[in-house]
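Structural description and commentary
Letter by letter, the chains look like this.
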Amino acid sequence: MAGATCGDAESRELKAESWEPKAESHTTVTDHLLSVRNLTTVFDVGPRPLVAVDDVSFDLARGETLGLVGESGSGKSVTAFSILRLLQSPGRVAGGQVIFNGRDLAALPEREMRQVRGAGIGFVFQEPMAALNPVLRVGTQIAESLIVHGLATRREARTRAVDLLRAVRITDPEARVDDYPHQLSGGMRQRVMLAVALACRPPLVTADEPTTALDVTVQAQILELLRDMQREFNLALLLITHDLGVIAETADRVAVMYAGRLVEQGPVRDILRAPAHPYTQGLLASIPGARAGSRLQAIEGVVPSLTSVPPGCAFAPRCAHRMDVCDTVMPPESWITPDHRVRCHLHPAPTDAPASESRTH
């Protein structure tokens, strides 16, 4: 692969004259619903564990949208699966805390964790056809969550399923509730996935690449639906995507991930207007129409595999600002502002954190 871009010519092109990030939220540290601390996930393959998520920390407030962005292979989906403890062997969470509503999910017994999934945290999977059961009607799959969590009888659950299909703007929901997944279009299947995720009214929804493989018009509809559902249900949303254009339109804050580490995070307005990490700068430069008069650029090279992550900065082999220290020393975290953090040797870390530090780790 000669180079990578964040989005492509058929994705949501950002017009320079409308390049305006979503208005910032005004949540405070007391609003935290999810706090991830030093999360580390490994895969036990070969002579030593391969680190897929490396010391990741971030916070998500009630009613807020955090965009987790990076190229394929950066560790975004593994992070989401680690939070919900959905990893399959040989993957496992090797360290850290996942504090949700005051409880550490990493330490919960599996029986209690099953109650969190669906009722506490809803999940919109990347590929609906893989996530939905092909031999069950979509109404049955929506109702199942309500029944499992004791929120409705079987008859009530069917009525609620119809209401949810209507809420996610599926036409003629009374008829569609008895359809099988293969009878629906890609956009409609994604709406069904959102209905499943919202069935138990969870305070947090994680959406993993919810617009992948959809055409531009349907992408816009799904993003608008996510925003409307967030307002209606007061959801916190963890939005996983490779597309900074989606982040600009949807998120309050953004965390940029590369090779299992967060390399930059902060308010979306700050990061999109003044990115501090060369990787973030490269992602922005690769968005069609993101900057007036600018030429579309690609980031040369690829994300390293888990077996060949460099000992220093993982982005160093692709970085135009590479220095000798980048090859051997992991950059410490530094603060551009109290809410804007970066891991890069171009920004030496201060000896002390800013006094007004508030929101992330």
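Residues numbered from 1 in each chain as written. Predicted model: local features only at pLDDT ≥ 70, side-chain atom pairs only at ≥ 80, totals over all residues. Heavy atoms only, no water.

Here's the deal with the layout of surface pockets
Considering only enclosed or pocket space, the largest pocket measures out at about 630 Å³ in volume. Forming the walls of the largest pocket are 21 residues, and the residues nearest its centre are Arg117, Gly118, Phe125, Ser145 and Val196. Taken together, the elements giving at least two residues each to the lining of the largest pocket come down to helix H2 (110-119), strand S7 (121-124), helix H4 (138-148) and helix H7 (186-198). In terms of residue class, the lining of the largest pocket is built from 11 nonpolar, seven polar and three charged. Around the second largest pocket sit 25 residues that line it, and Asp54, Ala259, Val309, Pro310 and Met330 are the ones nearest its centre. If you list the elements that add at least two residues to the lining of the second largest pocket, you get strand S3 (50-61) and strand S11 (261-267). Ranked by residue count, the leading element in the lining of the second largest pocket is S3, at four residues. A per-class count over the lining of the second largest pocket returns 16 nonpolar, five polar and four charged. (1 Å grid on protein atoms, 1.4 Å probe; cavity = no way out; pocket = protein on both sides within 12 Å on 5 of 7 lines; lining within 4 Å. Points joined across faces, edges and corners; volume = space filled by probe spheres on them. Helix = DSSP H or I, 4+ residues; strand = E, 2+ residues; numbered from the N terminus. Nonpolar A, V, L, I, M, F, W, Y, C, P; charged D, E, K, R; others polar.)

What about the environment of Leu235?
Mapping Leu235 onto the fold places it in the loop between helix H8 (216-233) and strand S9 (236-241). Placed 32 residues apart in sequence, Leu235 and Pro203 show a C-alpha to C-alpha distance of 5.2 Å. Those residues in contact with Leu235, other than ones at most four positions away along the chain, are Gly63, Glu64, Leu198, Pro202, Pro203, Val205, Met229 and Gln230. (Contact = heavy atoms within 4.5 Å.)

Topic: the pattern of salt bridges
In the structure shown here, the tally under the stated rule is 16 salt bridges. The closest approach of N and O atoms between Glu112 and Arg103, which form a salt bridge, is 3.3 Å. For Glu112, a relative accessible area of 27% gives the class partly exposed. When the shortest N-O distance is used, the salt bridge between Glu174 and Arg166 registers 2.4 Å. Each of Arg85, Glu110 and Arg117 takes part in a single network of salt bridges with overlapping partners. (Salt bridge = Lys/Arg side-chain N within 4 Å of Asp/Glu carboxyl O. Buried < 20%, exposed > 50% of the residue type's maximum accessible area, 1.4 Å probe, protein only.)

Quick word on the pairing of S9
In terms of residue burial, S9 counts as a mostly covered element, since six of its six residues are buried. The side-chain alternation of S9 yields two buried faces, one formed by Ala236, Leu238 and Ile240 and the other by Leu237, Leu239 and Thr241. In terms of strand pairing, strand S4 (residues 65-69) meets S9 through five bridges, oriented parallel. Its bridge partner lying in S9, Gly67 is registered against Leu239. Following the backbone out of strand S8 (residues 204-208), through H8 and into the adjacent parallel S9, one traces a crossover that is right-handed. (Pairing = 2+ DSSP bridges. Right-handed = clockwise from strand over helix to strand, strands pointing away.)

What is shown is where atoms sit, not what they do.
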